[in-house]
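Structure assessment
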Amino acid sequence: MGVLTLRRRRHLSTVLDVYEIKLGDEFLMSSLFTAAEIELARLGLAALHRVDLDVVVGGLGLGYTARAVLDNADVRSLIVVDALAEVIEWHAQALLPLGRELTGDPRCRLVHGDFFALSHSAAGFDAGAPARQFDAVLVDIDHSPRKLLHPRHAALYQPEGLARLAAHLRPGGVFALWSNDPPDDAFERDLAGAFATAKAHVVTFDNLQADHEVSNTVYVAVKADVRQRPT
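Let me sum up the structure you'll find in this document. (Residues numbered from 1 in each chain as written. Predicted model: local features only at pLDDT ≥ 70, side-chain atom pairs only at ≥ 80, totals over all residues. Heavy atoms only, no water.)

**Some points on the overall build of the protein**
Looking only at helices and strands, one finds seven helices and 10 strands in the protein. For the protein, the C-alpha radius of gyration of 17 Å lies close to 17 Å, the compact-globule estimate for 231 residues. For the protein, the spread of C-alpha atoms along the three principal axes comes to 60 × 40 × 35 Å. Expressed as a percentage of the 231 residues in the protein, the buried residues total 48%. Residue pairs at least 24 apart in sequence account for 65% of intrachain contacts in the protein once pairs closer than 6 positions are excluded. For the protein, the accessible surface area stands at approximately 11,100 Å², while carbon and sulfur atoms represent 52% of it. For the protein, the distance from the average position of its 23 positive side-chain charges to the average position of its 30 negative side-chain charges is 4 Å. (Helix = DSSP H or I, 4+ residues; strand = E, 2+ residues; numbered from the N terminus. Rg over C-alpha atoms; globule rule 2.2 N^0.38 Å. Buried < 20%, exposed > 50% of the residue type's maximum accessible area, 1.4 Å probe, protein only. Contact = heavy atoms within 4.5 Å. Areas by Shrake-Rupley, 256 points an atom, 1.4 Å probe, with all protein chains shown as cover. Lys, Arg positive; Asp, Glu negative; His and termini not counted. Charge placed at Lys NZ, Arg CZ, Asp CG, Glu CD.)

Below is the structure:
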């Protein structure tokens, strides 16, 4: 998909080390902008009302979504899927600030794989337990459902792809998605067709590189809970 670059630079106004991952000329992640990545985990898991959660994160990046998942005491296990082996290696080698924290948590497993292919397969996200279902799948890979890193990702954001992803969730499970764009009404309608409820949350935060705020979107969709309840 292009040349992958990790760089560290000093932000002079805050005297902080800034870590950035680029794919070609596009910025994938920057440690200056992590609020929405953290909110992806917080909002997604807040929609669950249970304990012993099994979670999948699509897209490792700098690890802020994964760490926010692990900060939730109700999380029992986390699989983080990333297509870029180098990103996983950077964490394993502690070249990124959260590397030791993520790789040292026994609940967390970093998996090199194609999240989109796994989402579309019946076997799902855990090679050791085919067809295993999860309580939440949180995704931060593409810039938005319309602005993709690669054309083959598009199928996930279509009604059939969303339905296939929902099949990997337990009843009442959550699919949450980060987007750099404002809420997309058409995509919300597609989410509502595959899930029992769907909502777009606008996350606003300070832009440290300019004197204004910026906003991202976090979509949270909840699968119907069809479990039998005691009578």
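**Brief notes about the packing of aromatic side chains**
Evaluated as defined, the whole model comprises eight aromatic pairs. Here Phe-116 and Tyr-157 contribute two aromatic rings whose centre-to-centre distance is 6.5 Å and whose plane-to-plane angle is 65 degrees, an arrangement assigned as edge-to-face. Of this pair, Phe-116 sits in helix 5 (residues 115-120) while Tyr-157 is found in the loop between strand 7 (134-139) and helix 6 (159-166), placing the two residues 41 residues apart along the sequence. Exposure remark for Phe-116: the relative accessible area of 7% places this residue in the buried category. With a centroid separation of 6.3 Å and 70 degrees between ring planes, the pair formed by Phe-125 and Phe-134 is classed as edge-to-face. When its relative accessible area of 3% is taken as the criterion, Phe-125 is described as buried. With a relative accessible area of 0%, Phe-134 lands in the buried category. One aromatic cluster is present, formed by Phe-115, Phe-116, Phe-125, Phe-134, Tyr-157, Phe-187 and Tyr-219 through successive ring pairs. (Phe/Tyr/Trp six-rings, centres within 6.5 Å; stacked < 30°, edge-to-face > 60°.)

**Some details on the packing of helix 6 against helix 7 (residues 185-194)**
Close contact between helix 6 and helix 7 brings their axes to 9 Å; oriented N to C, the two are set at 45 degrees. Taken together, helix 6 and helix 7 sit at an angle that is classed as oblique. Helix 7 is crossed by helix 6, and the crossing has right-handed handedness. Taking contact as the criterion, the partners of Pro-159, Leu-162, Ala-163 and Ala-166 in helix 6 are, on helix 7, Phe-187, Asp-190, Leu-191 and Ala-194. Taken together, the residues of the contact of helix 6 with helix 7 break down into seven nonpolar, no polar and one charged. (Axes fitted to C-alpha atoms, helices over the stretch in contact; angles between N-to-C directions. Parallel < 35°, antiparallel > 145°, perpendicular 65-115°, else oblique. Left-handed = near helix turned anticlockwise from the far one by under 90°. Nonpolar A, V, L, I, M, F, W, Y, C, P; charged D, E, K, R; others polar.)

**Let's talk about helix 3 (residues 85-92)**
Taken residue by residue, helix 3 has Val-87, Ile-88, Trp-90 and His-91 as its buried positions. Viewed end-on, helix 3 has its buried residues packed into an arc of 155 degrees, placing them on one side of the element. Considering only its buried residues, helix 3 is in contact with strand 1 (4-11), strand 2 (16-23), strand 5 (75-82), helix 4 (99-103) and strand 6 (108-112). Downstream of helix 3 by a residue or two, Ala-94 has a phi angle that is positive, lying close to 60 degrees. (Arc of directions from axis to C-beta.)

**Comments concerning the pattern of salt bridges**
Summed over the entire model, instances satisfying the criterion amount to 17 salt bridges. One salt bridge in this structure joins Arg-170 and Asp-54, with 2.9 Å as the shortest N-O distance. Of the two residues, Arg-170 is situated in strand 8 (residues 169-179) and Asp-54 in strand 4 (residues 53-58); the sequence distance between them amounts to 116 residues. (Salt bridge = Lys/Arg side-chain N within 4 Å of Asp/Glu carboxyl O.)

**Observations concerning the sheet that holds strand 3 (residues 26-30)**
Across the sheet, which stays open at both edges, the three strands sit in the order 1-2-3 with antiparallel pairing between neighbours. This sheet does not close on itself; its edge strands, each paired only once, are strand 1 and strand 3. Averaged over neighbouring strand pairs, the angle between their axes works out to 30 degrees when direction is ignored. Bridge analysis of strand 1 against strand 2 gives eight bridges, and the strand direction is antiparallel. Note that in strand 2 the partner of Arg-8 across the bridge is Tyr-19. (Pairing = 2+ DSSP bridges.)

**Brief notes about the pairing of strand 3**
The sheet contact formed by strand 2 and strand 3 spans four bridges and is antiparallel. Looking at strand 3, one finds that Leu-23 is bridged to Glu-26.

Keep in mind these values describe shape, not function.
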